[in-house]
Amino acid sequence: MVEKQLQAKHTDAIIHMNKFEGFHMCCLRGEKRRHCLNDRMLNLLGYTKDEFNNVYNGDYVELITPDCKEAYLQFVKDMAALETSESIEYGIKCKSGEILYFREIMTSRTIDNGRMCGFCAIENITEQVKDGAVGNGKPEATPYGIMFCTCDEYPRIKYINREMLKLIGASQFSDYKLYADNILFMVTHNCRESFVNILEEAKASGIPQFINNEIVRIDGSNA
């Protein structure tokens, strides 16, 4: 996280998906909407991390086009009311001035310090948008898997949604006990070193990191 009040030094957000171009994370309550964008998201928008923080003070909403901003702010307000997953489409202005259109799928969760945060996956739908009519509705959310884990030597799962359970081949929460106390068993051997490095970075910086890794299902196959 960018702001001290949002930091969760022993918690990491792990998102496994294929079609999404970027991720961001934000506080859903309070006047300051500080956002943490991953590198892929920043590259898509054309900003460095310092540029984004210095120019917009970490407020992602400032990049959203004026015709979509009101709907997005209402979306954030709705998401702050309870833990849920919803989606919205909107236009966003890149550093170059180009307008892109995103479909955002947000999962709202209460993190360790009691703050309600939104974990957001971004799909670039610019090519699909022909008439520019975006930001006015909430299309059905595309399912995706998300987990939160500790950054300990043996990272433990703190939260896992039902879509991730399906990805790993578990029919119910009790089925993933093998992974619950050490998530490294879920990570393929060739991805494990980079996975551990990202966990160490999250623990050292206090900034939750987004990870998109190949995982091992309960039956031994890869996902």
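Just above sits the structure.
Here the structure is a predicted model, which is why all the values come from computation and not from measurement.

1. A look at the overall build of the protein
Turning to step 1, where the next piece is worked out: Broken down by element type, the protein carries 6 helices and 9 strands.
Turning to step 2, where the next piece is worked out: The buried share among the 223 residues of the protein stands at 50%.
Turning to step 3, where the next piece is worked out: Residue pairs at least 24 apart in sequence account for 60% of intrachain contacts in the protein once pairs closer than 6 positions are excluded.
Turning to step 4, where the next piece is worked out: Roughly 11,000 Å² of accessible area belongs to the protein as shown, and the carbon and sulfur atoms make up 47% of that amount.

2. Considerations on the side chain of His24
Turning to step 1, where the next piece is worked out: Structurally, His24 is set in strand S2 (residues 22–27).
Turning to step 2, where the next piece is worked out: Residue classification places His24 among the buried positions, given a relative accessible area of 0%.
Turning to step 3, where the next piece is worked out: At 2.9 Å, the side chain of His24 and the side chain of Glu104 are in polar contact.

3. Quick word on the sheet that holds strand S6 (residues 116–124)
Turning to step 1, where the next piece is worked out: Across the sheet, 5 strands lie side by side as S3-S2-S6-S5-S4; this open sheet has antiparallel pairing. Across the chains shown, the open sheet's two edge strands, defined by having one partner strand only, are strand S3 (35–37) and strand S4 (85–93). The average undirected angle you get between the axes of adjacent strands in this sheet is 25°.
Turning to step 2, where the next piece is worked out: Relative to S3, S2 runs antiparallel, the two being bridged by 3 bridges. Along S3, the bridge assignment pairs Met25 with Cys36.
Turning to step 3, where the next piece is worked out: Here helix H3 (residues 66–80) sits on the sheet in contact with S2, S4, strand S5 (99–110) and S6, set at roughly 155° to S4.

4. Focus on the packing of aromatic side chains
Turning to step 1, where the next piece is worked out: Per the counting criterion, the structure on display carries 5 aromatic pairs.
Turning to step 2, where the next piece is worked out: An angle of 75° between the planes, with centres 5.1 Å apart, marks the rings of Tyr72 and Tyr90 as edge-to-face. With Tyr72 in helix H3 and Tyr90 in strand S4, this pair connects stretches of sequence that are 18 residues apart. With respect to burial, Tyr72 and Tyr90 carry one shared label: buried.
Turning to step 3, where the next piece is worked out: Relative to Phe102, the ring of Tyr90 lies with its centre 6.2 Å away and its plane at 70°, an arrangement referred to as edge-to-face. With a gap of 12 residues between them, Tyr90 in strand S4 and Phe102 in strand S5 connect regions that are remote in the sequence. Exposure class is identical for Tyr90 and Phe102. Each is buried.
Turning to step 4, where the next piece is worked out: Through successive ring pairs, a cluster of aromatic residues spans Tyr60, Tyr72, Phe75, Tyr90 and Phe102.

5. What to know about the pattern of salt bridges
Turning to step 1, where the next piece is worked out: Tallied over the full model, the rule gives 6 salt bridges.
Turning to step 2, where the next piece is worked out: Note that Asp152 is salt-bridged to Arg156, the shortest N-O span being 3.2 Å.
Turning to step 3, where the next piece is worked out: For Asp152, a relative accessible area of 26% puts it in the partly exposed group.
Turning to step 4, where the next piece is worked out: On the accessibility criterion, Arg156 (37% relative accessible area) is partly exposed.
Turning to step 5, where the next piece is worked out: Beyond isolated ion pairs, a larger network of salt bridges with shared partners links Glu89, Arg103 and Glu123.

About the criteria used
Residues numbered from 1 in each chain as written. Predicted model: local features only at pLDDT ≥ 70, side-chain atom pairs only at ≥ 80, totals over all residues. Heavy atoms only, no water. Helix = DSSP H or I, 4+ residues; strand = E, 2+ residues; numbered from the N terminus. Buried < 20%, exposed > 50% of the residue type's maximum accessible area, 1.4 Å probe, protein only. Contact = heavy atoms within 4.5 Å. Areas by Shrake-Rupley, 256 points an atom, 1.4 Å probe, with all protein chains shown as cover. Polar contact = N/O pair within 3.5 Å; in protein donor to acceptor, adjacent residues only side chain to side chain. Pairing = 2+ DSSP bridges. Axes fitted to C-alpha atoms, helices over the stretch in contact; angles between N-to-C directions. Phe/Tyr/Trp six-rings, centres within 6.5 Å; stacked < 30°, edge-to-face > 60°. Salt bridge = Lys/Arg side-chain N within 4 Å of Asp/Glu carboxyl O.

Purely geometric stuff here, so don't read any function into it on its own.
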